Each structure stands twice: as structure tokens, then as C-alpha cells.
Amino acid sequence: MNGTKFDAVLSLISDELCQLILTINFASISPVLSLIGLGGHIINITVFVTQGFHDTVNISLVALAVSEMGMQLNSLTVAILNNPILLSSDILIEPQEFETSVAGFPIASFSKTTSWITAYITFERCLCVVAPLRVKRLITPKIVVFIMASIYVMMFAALIPEYMTFYLDWKYFPDRNKTLIGIVPRKHSQAARGITFTTNAFSEFLSFSLIILFTSILAAKLRQRSQWRVKTTPGAEISLKNIGKKDSKTIKMITAIAAIHILCFFPAIIALLISVNVPEFYIVGLYKNSFLIAFSFPNLFEGVNSSISVFLYYRMSAKYRRTINNVFLKRKTKQKI
């Protein structure tokens, strides 16, 4: 598809259609997913803190849950600012531009944070299979905390160039015949945005590639170990079958986490790629409506990812199920008594 046809497609979205889709996505579906996700991650954090941090992966899983909670809290802000009642009121802000600046960009930062933490988790699990003794000596809880903190700092530092491309101020909106507080681009902001969008797209691609790479290595090594044990120690057939079953469950769980993450976050990469190649594809650009719709769907998919995490852990981790039963069911029983 050449540039002219592509631009024509982006121009097809009318204001009415855009508002309808945003109302359905942001004001109707997204709040439900966000609330489920927030509740699920509160359970996740409780479980992993209860289990303790002697297993360093729990530190990473808590950091992952916090990041996804940050996404869902900002998604609720977006939902509120896209509520039809608010949009039809006489507020002094342009809701869509305001929500992009105060919540939309933080969502993107939490999204990258989630991707990199997921990449690290698959990397650490991969090392545990390839060189388990070295990993226990090298990867300590303090080091993992430092790595998690570094990911957060780097991802949010990447927001600074984005916020330097605009400021919030009064401006006139011809379609509403009103002067409202909205996004005002700074000089040379379009060139700066191109750099930030390119950086974001590269960051997402790199983290996704690492997730796929480390998960593939992990799966291959676990299968190799299981086959080797079966061949070299035939006298422990029953025990080895159990080990193979455990390895198989680990492979399935990590593969499921990685696959769901990639599927749910892939639409955001597509939207970023369009932003990199079409400068007017922006909240204050010619294709504002297409921009808003394109980024509303990744928001939904990321909500799905957060909402199903608690069910995935419960289904695939016996240790997680035991902790849930010990913590929550006992509390519930005590309350009844």
C-alpha cells in the first residue's frame, strides 16, 4: 500500500465514529478489565510476598504485578476522561488530549517496563536451567531488586523527551468553538516525536525478541535434561517421570506467559510503527482520530493480559494454589467463625 492510499485510510475515521469506538473501548470495556486486573494483581502481590523472596523470581513477579497495576490505574483515568457524560459537560479541558498527556504516556512507559521485566524473568529462568549453580551465587535478591529498579528508572526516564515536545495550555478548538486546555506542540516537536516513537518501537521489539529467544532456549534445555535423565538412570523410572512432568509444566507455564504477553502487547507495536512512519499520526496531528482508536485497542489487550494473570498462575502453579488456599481460605474461615 503506497503512502497516498495509507493516508486515505487513516483519514476515513470521522469524529462521530471515533467517539463511538472510544466510548465502547475506554468507557465500557476497559474499566471492567482494569478492575479485574487490579484485583488479580493485589492477590498476586500478596501471594508472592507471603512465599518470600528467597526465590528471586518472586521479586521479579512482584515488580511485574506493580507495573501492570500502574497500567490499569492509568487506564481507569483514561476511562473516566472518555466518559460521555464528562465529554458533553462544560469542563475547561479537552479530555482526549489531557488524558493522553497525564495517563496515555505513563501507560506506554508501564507497558515497556512490563515487557522488560518479562524478558528478564525468562532470562533468569533460562540461566537457572543452563547454569543453576552459578545463578544461585550470582543472582542474589539484592541484585534482582537493583535490576528491577533500574528497569523502572530507565523506562520512566524515556518519558522525559516525550514531555519536552509539548505543554498544556489554553488553545482554540474550531470544532467545538471553544477555548480549552489542550496539548500545544513545541518548536521542532515533530522531529523529536519521531525519535521518541522510534526509540519506543525499538525497545518493544527488542524486549519481545529476547522473550522469544530465552523462552525457546529454556524449553529446549528442559527437554534435553529430561531426555538425558531418562536415558542415563533407567532404575529411577517413576521418579524421572515425575521430573519430566514437572519440567513439562514449567515449560508450558513460561511459554504461556510469554505467548500471552506477546499476543496482548503486539498491537501496541503496530501502532508505534505507524507513528514512526506517519508524522501526522498523533494526538494533535491530522490523523488524530486514527491515532486515538489505534492506541485504544492495545489498551484493551493489555487489560486482558492483566486480568488473566491470576488465573494463569493458579492453573499452572501448584505452589501458587497452595499459597492461595493457605492465605485466603484460612482468612475466610476465620471470618465465618
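Identification of the protein chain as G-protein coupled receptors family 1 profile domain-containing protein from Lymnaea stagnalis is taken from an unreviewed UniProt entry. Per UniProt, the protein chain carries the Subcellular location (unreviewed entry) text "Membrane".

Q: How do you make sense of the overall build of the protein chain when you look at a structure like this?
A: Scanning the protein chain for helices and strands turns up 12 helices and 2 strands. Element order for the protein chain, N to C, with α for helix and β for strand: α-α-α-α-α-α-α-α-β-β-α-α-α-α. Within the protein chain, buried positions represent 45% of all 337 residues. Pairs at least 24 apart in sequence give 78% of the contacts found in the protein chain among residues at least 6 apart. Total accessible area on the protein chain stands at roughly 17600 Å², and carbon and sulfur atoms take up 69% of it.

Q: Mind showing me how you'd approach the pairing of strand E2 (residues 178-185) here?
A: Side chains on a regular strand alternate between the two faces of the sheet. Relative to E2, strand E1 (residues 166-173) is paired through 8 bridges, and the arrangement is antiparallel. Bridged to Phe-173 within E2 is Lys-178. In textbook terms, the turn of a hairpin is the stretch between consecutive antiparallel strands, and for E1 and E2 this stretch comprises 4 residues, one of which, Asn-177, has a positive phi near 55°.

Q: Could you clarify how one ought to interpret the environment of Thr-140 in this entry?
A: By secondary structure assignment, the location of Thr-140 is in the loop between helix H6 (132-138) and helix H7 (141-157). For the pair formed by Thr-140 and Thr-56, sequence separation is 84 residues and the distance between their alpha carbons is 6.9 Å.

Q: Which parts of the structure should I look at to understand the UniProt feature "transmembrane region" (unreviewed entry) in the protein chain?
A: When the UniProt feature table is mapped onto this chain numbering, "transmembrane region" (unreviewed entry) sits at residues 20-43, 143-164, 205-222, 254-278 and 290-314. Along residues 143-164, the helical share is 91% and the strand share 0%, with 33 Å between the first and last C-alpha atoms.

Q: Sorry, what's going on with the confidence of the model for the protein chain here?
A: Atom-level detail of predicted coordinates should not be read off regions where pLDDT is low. Across the protein chain, the average pLDDT comes to 79, with 83% of residues at 70 or higher. Looking across the protein chain, the model is least confident in helix H1 (residues 3-10), with a mean pLDDT of 56, and most confident in H7, with 93. The low-confidence segment residues 332-337, where pLDDT is below 50, has 0 contacts with residues more than four positions distant or belonging to other chains.

Q: What is the right way to look at the nonpolar core in this model?
A: When a protein is soluble and globular, its nonpolar side chains tend to lie buried together. Counting 55 residues, the largest nonpolar core has Phe-48, Leu-61, Ile-117, Met-148, Tyr-313 and Tyr-320 as the members making the most contacts within it. When contributions to this core are tallied by element, the ones reaching two or more residues are helix H2 (15-51), helix H3 (57-81), helix H5 (95-130), H7, helix H9 (189-232), helix H10 (237-277), helix H11 (288-316) and helix H12 (318-336). Every residue in contact with Tyr-313, bar those within four places of it in the chain, is listed here: Asn-44, Phe-48, Leu-61, Leu-64, Met-253, Ile-257 and Tyr-320. Membership of the second largest hydrophobic core comes to 5 residues, among which are Val-129, Phe-214, Leu-218 and Ile-254.

Q: Hey, could you run me through the pattern of salt bridges in this one?
A: Where charged atoms from two side chains of opposite charge approach closely, those side chains can pair. Scanning the entire structure with this criterion turns up 3 salt bridges. One salt bridge connects Arg-125 with Asp-55, and the closest N-O pair in it is separated by 4.0 Å. On the criterion of sequence distance, the pair formed by Arg-125 in helix H5 and Asp-55 in the loop between H2 and H3 is long-range, its members being 70 residues apart. Accessibility expressed as a relative area gives 21% for Arg-125, which makes it partly exposed.

Q: Help me understand the side chain of Glu-302 in this model?
A: Along the chain, Glu-302 falls in helix H11. The charged side chain of Glu-302 is buried without a salt bridge, its nearest counter-charge being Lys-112 at 10.0 Å. Leaving out residues up to four positions away in the same chain, Glu-302 has contacts with Met-71, Gln-72, Ile-107, Ser-111, Cys-264, Phe-265 and Ala-268.

Q: Just checking my understanding: could you explain H11 for this structure?
A: Along an α-helix, residues three or four apart share an orientation, since each turn contains 3.6 residues. Compared with an ideal rise of 1.5 Å per residue, which puts 29 residues at 42 Å, H11 spans 42 Å between its outermost C-alpha atoms and is within 8% of the ideal. In H11, a bend of some 40° at Ile-308 exceeds every other bend along the element.

Q: I keep staring at the packing of H2 against H3 and nothing clicks. Help me out?
A: A pair of packed helices is characterised by two quantities: the angle between their axes and the separation of those axes. Viewed as axis vectors pointing N to C, H2 and H3 meet at an angle of 155°, and their least axial separation amounts to 8 Å. Between H2 and H3, the crossing angle belongs to the class labelled roughly antiparallel. Our pair here, H2 against H3, has a crossing hand that is left-handed. Here the residues of the contact of H2 with H3 sort into 19 nonpolar, 7 polar and 1 charged.

Q: Which parts of the structure should I look at to understand a nonpolar patch on the surface?
A: A grouping of Val-32, Ile-36, Val-304, Ile-308 and Phe-311 is seen on the molecular surface, where their side chains present a nonpolar patch of about 400 Å² in accessible area. Contributing elements (two or more residues each) for the nonpolar patch: H2 and H11. Ranked by the residues each element gives to the nonpolar patch, the list is headed by H11, at 3 residues. Here Phe-311 lies in helix H11.

Quick notes on the rules
Residues numbered from 1 in each chain as written. Predicted model: local features only at pLDDT ≥ 70, side-chain atom pairs only at ≥ 80, totals over all residues. Heavy atoms only, no water. UniProt positions renumbered as here; feature names shortened; annotations may be inferred. Helix = DSSP H or I, 4+ residues; strand = E, 2+ residues; numbered from the N terminus. Buried < 20%, exposed > 50% of the residue type's maximum accessible area, 1.4 Å probe, protein only. Contact = heavy atoms within 4.5 Å. Areas by Shrake-Rupley, 256 points an atom, 1.4 Å probe, with all protein chains shown as cover. Pairing = 2+ DSSP bridges. pLDDT = per-residue confidence, 0-100. Core = buried A, V, L, I, M, F, W, Y, C linked by side-chain atoms within 4.5 Å. Salt bridge = Lys/Arg side-chain N within 4 Å of Asp/Glu carboxyl O. Lys, Arg positive; Asp, Glu negative; His and termini not counted. Expected span 1.5 Å × (residues − 1). Bend = angle between axes of the 7 residues up to and from the residue. Axes fitted to C-alpha atoms, helices over the stretch in contact; angles between N-to-C directions. Parallel < 35°, antiparallel > 145°, perpendicular 65-115°, else oblique. Left-handed = near helix turned anticlockwise from the far one by under 90°. Nonpolar A, V, L, I, M, F, W, Y, C, P; charged D, E, K, R; others polar. Patch = residues over 30% accessible without salt bridge, like charges linked within 9 Å, V, L, I, M, F, W, Y side chains within 5 Å.

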